[in-house]
Amino acid sequence: MRARELGIPLTGEPGPWNAITDVPGIEVGYVTLIEGDDVRTGVTALLPRGRDGVGMPCAAGLHSFNGNGEMTGTAWIEESGSLAVPVLITNTYAVGPVHRGVVEWVRANRRDMAPEWLLPVVTETWDGHLNDIHGSAVESRHAAAAIEAAASGPVEEGCVGGGTGMRCYGFKGGSGTASRVVEYGEDRYTVGAFVQANFGARRELVVAGVPVGRELPDGPGPEPDGERQVPPGAGSVIVVVATDAPLLPGQCEALARRATLGLARTGTTGSHFSGDIFLAFSTANEGALTSTFPEDDGSAPYESMRFVPWGRMDPFYGAVVESVEEAVLNVLTGAHAMTGRAGHHVPALPLDRVSALLAARGAVA
């Protein structure tokens, strides 16, 4: 179930699907790979303007809260303030084949888009506890399949896509999403968040302000002989924030920074061994940040952008914080227990126990 179905009190007005796909045009697709005892992984694709809009840039900004991770294509986003490609999320060692898969998909489907060069955005979290991360389960074709599977509407959560083999606060982690509606004068905009959650120590977990992690059973015992114990809190988390509000690239970067506060509401203090990298973009101002080779026609065109004044950004910041917090909770309430590589088992969050702890504190809606 989702966090709201459990009665967890959450602030703010969600969109119709309470998902990043509430932002018009955004599509999400998964390839989930569960094979034998050792393969627990996959690929997630987020398309800012859908398949038909690949190549049309969005204003974009980045924030690395803790840089023990990877996101390709970031130098160009920082340089140009724009994002024009799908965002793919997978496991740490699959970045290479997924990167190649995006190039192959664009070459096959969008030959008009920068035929000379392409800088895909591929990012990751580590699933080596449940998945044979050194194996070759993820192939370039899976990136293309995730892009082709992308759709609007409700988004599946938990053990799917790139989040298949992940852990969060010592319980089964994975993929999650949420959204908020922001009223701005006579307009209504949406802010949506998507997380691939693989972070946090069990003792840190906070739900609706209640430190439930301290009251939940201890995690699994020692690793099998020959394996190094992974420090509590290690793993990583990727957050993608989207909005249809008209924003400048610097304002998108400001939204990305606020993802840190949404994660903090769930208890994490940010492990050194966790790659916590956030990307935010705006789908407004279509065409304003296009970067193409100039035509030798003697013209010198200009572009213009409409944007929310900096002094009126606070409601959008609040929407990011609320959406990210709820997206993480949706991961935890939506993921099921899983056994994988070397017999490793990760339990699901015990929802009945969490509900009892929240009720004891008067924190159930």
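Whatever comes next refers back to the structure up there.
Residues numbered from 1 in each chain as written. Predicted model: local features only at pLDDT ≥ 70, side-chain atom pairs only at ≥ 80, totals over all residues. Heavy atoms only, no water.

*Asks:* So, a nonpolar patch on the surface: which residues are in play, and what are the values?
*Replies:* A surface patch of nonpolar side chains, about 310 Å² in accessible area, is lined by W117, L119 and F293. For F293, the position within the fold is in the loop between β12 (275–282) and α5 (314–334). Here F293 falls in the exposed class, since its relative accessible area comes to 53%. (Patch = residues over 30% accessible without salt bridge, like charges linked within 9 Å, V, L, I, M, F, W, Y side chains within 5 Å. Areas by Shrake-Rupley, 256 points an atom, 1.4 Å probe, with all protein chains shown as cover. Salt bridge = Lys/Arg side-chain N within 4 Å of Asp/Glu carboxyl O. Helix = DSSP H or I, 4+ residues; strand = E, 2+ residues; numbered from the N terminus. Buried < 20%, exposed > 50% of the residue type's maximum accessible area, 1.4 Å probe, protein only.)

*Asks:* Outline the packing of aromatic side chains, supporting the account with residue identities and numerical values.
*Replies:* Applying the stated rule across the entire model yields four aromatic pairs. Judged by centre distance (6.5 Å) and plane angle (40°), the rings of Y30 and F194 are tilted. With Y30 in strand β1 (residues 27–35) and F194 in strand β10 (residues 187–200), this residue pair connects regions lying 164 residues apart in the sequence. Look at Y30 and you get buried, because its relative accessible area is 17%. F194 sits in the buried class, given a relative accessible area of 0%. Consider the rings of Y184 and F316, whose centres lie 6.2 Å apart with planes at 50°: the pair is tilted. Taken as a pair, Y184 in strand β9 (residues 174–184) and F316 in helix α5 lie far apart in primary sequence, 132 residues in all. We classify Y184 as partly exposed; its relative accessible area is 22%. You can call F316 buried: its relative accessible area is 0%. (Phe/Tyr/Trp six-rings, centres within 6.5 Å; stacked < 30°, edge-to-face > 60°.)

*Asks:* An account of the pairing of β10 is requested, with residue identities and associated values reported.
*Replies:* Burial of β10 is extensive: 12 of the 14 residues sit out of reach of the surface. The pairing of β9 with β10 spans 11 bridges and is antiparallel. What sits directly across from Y184, in β10, is D187. Between β9 and β10, which pair antiparallel in sequence order, lie two residues; one of them, G185, sits at a positive phi of approximately 60°. Relative to strand β11 (residues 233–243), β10 runs antiparallel, the two being bridged by nine bridges. (Pairing = 2+ DSSP bridges.)

*Asks:* Before we move on, can you summarise helix α2 (residues 95–109) with the specific residues and values?
*Replies:* Between its terminal C-alpha atoms α2 stretches 21 Å, which fits the 21 Å expected from 15 residues at 1.5 Å a residue. Buried within α2 are the following residues: V95, V98, G101, V102, W105 and V106. All buried residues of α2 lie within an arc of 130° about the axis, which places them on one face of the element. Looking at α2, the residues exposed on the side facing more than 90 degrees away from the buried face are R107 and A108. If you follow the buried residues of α2, they end up packed against β2 (39–47), β5 (87–91), β6 (121–125) and α3 (140–149). (Expected span 1.5 Å × (residues − 1). Arc of directions from axis to C-beta. Contact = heavy atoms within 4.5 Å.)

*Asks:* Break down the nonpolar core for me, citing the residues and quoting the values.
*Replies:* Soluble globular proteins tend to bury their nonpolar side chains together. Membership of the largest hydrophobic core comes to 52 residues, with the highest contact counts inside it found for L205, V239, L255 and F316. Considering every element that reaches this core, the biggest residue donor is α5, with 10 residues. Apart from residues lying up to four places away in sequence, V239 is in contact with F194, V195, A259, L263, I277, F278, L279 and V324. (Core = buried A, V, L, I, M, F, W, Y, C linked by side-chain atoms within 4.5 Å.)

*Asks:* Lay out the environment of P246 in plain terms, naming residues and giving numbers.
*Replies:* With respect to the helices and strands, P246 occurs in the loop between β11 and α4 (249–265). Considered as a pair, P246 and G298 are 52 residues apart in the sequence and their alpha carbons are 31 Å apart. The residues touching P246, leaving out its near neighbours within four places in the chain, are Y189, Q251, S282, A284, N285, R306, F307 and V308.

*Asks:* So what about the sheet that holds β1? Which residues, and what values?
*Replies:* Across the sheet, four strands lie side by side as β1-β2-β5-β6; this open sheet has mixed pairing. Both edges of this open sheet fall to β1 and β6, since each of them pairs with a single strand only. On average, adjacent strands in this sheet sit at an angle of 15° to one another, irrespective of strand direction. When β5 meets β6, the two strands line up parallel, connected through five bridges. Of the residues in β6, the one forming a bridge with L88 is V122. (Axes fitted to C-alpha atoms, helices over the stretch in contact; angles between N-to-C directions.)

*Asks:* How would you summarise the sheet that holds strand β3 (residues 58–67) if you had to cite specific residues and measurements?
*Replies:* Through backbone hydrogen bonds, the strands of a sheet pair up, either in parallel or in antiparallel fashion. Taken together, the six strands give an open sheet; going across it, the order is β4-β3-β12-β11-β10-β9, and neighbouring strands pair in mixed fashion. Taken across any chain shown, the strands that pair with only one partner, and hence form the sheet edges, are β4 (82–83) and β9. Pairing analysis gives seven bridges linking β11 to β12, with the strands arranged parallel. If you follow T243 over to β12, its bridge partner there is S282. Along the sheet, α4 makes contact with β3, β10, β11 and β12, crossing β3 at roughly 40°. Relative to the sheet, α5 contacts β9, β10 and β11, its axis offset from that of β9 by approximately 155°.

*Asks:* Hey, could you go over the side chain of S82 for me, with residue numbers and the actual values?
*Replies:* Within the secondary structure, S82 sits in strand β4. Taking relative accessible area as the criterion, S82 reaches 7% and is therefore assigned buried. Contacts of S82, omitting those with residues within four sequence positions, involve P57, C58, A60, I77 and L289.

*Asks:* Mind laying out the packing of α4 against α5, listing which residues take part and the relevant values?
*Replies:* Running from N to C, α4 and α5 point in directions that differ by 45°, and their axes come no closer than 7 Å. Taken together, α4 and α5 sit at an angle that is classed as oblique. Judged by the sense of rotation from one axis to the other, the crossing of α4 with α5 is right-handed. Here A254, L255, R258, A259, L261, G262, L263 and R265 of α4 lie close against α5, whose contacting residues are F316, Y317, V320, V321, E322, V324, E325 and V328. Among the residues making up the contact of α4 with α5, the classes are represented as 11 nonpolar, one polar and four charged. (Parallel < 35°, antiparallel > 145°, perpendicular 65-115°, else oblique. Left-handed = near helix turned anticlockwise from the far one by under 90°. Nonpolar A, V, L, I, M, F, W, Y, C, P; charged D, E, K, R; others polar.)

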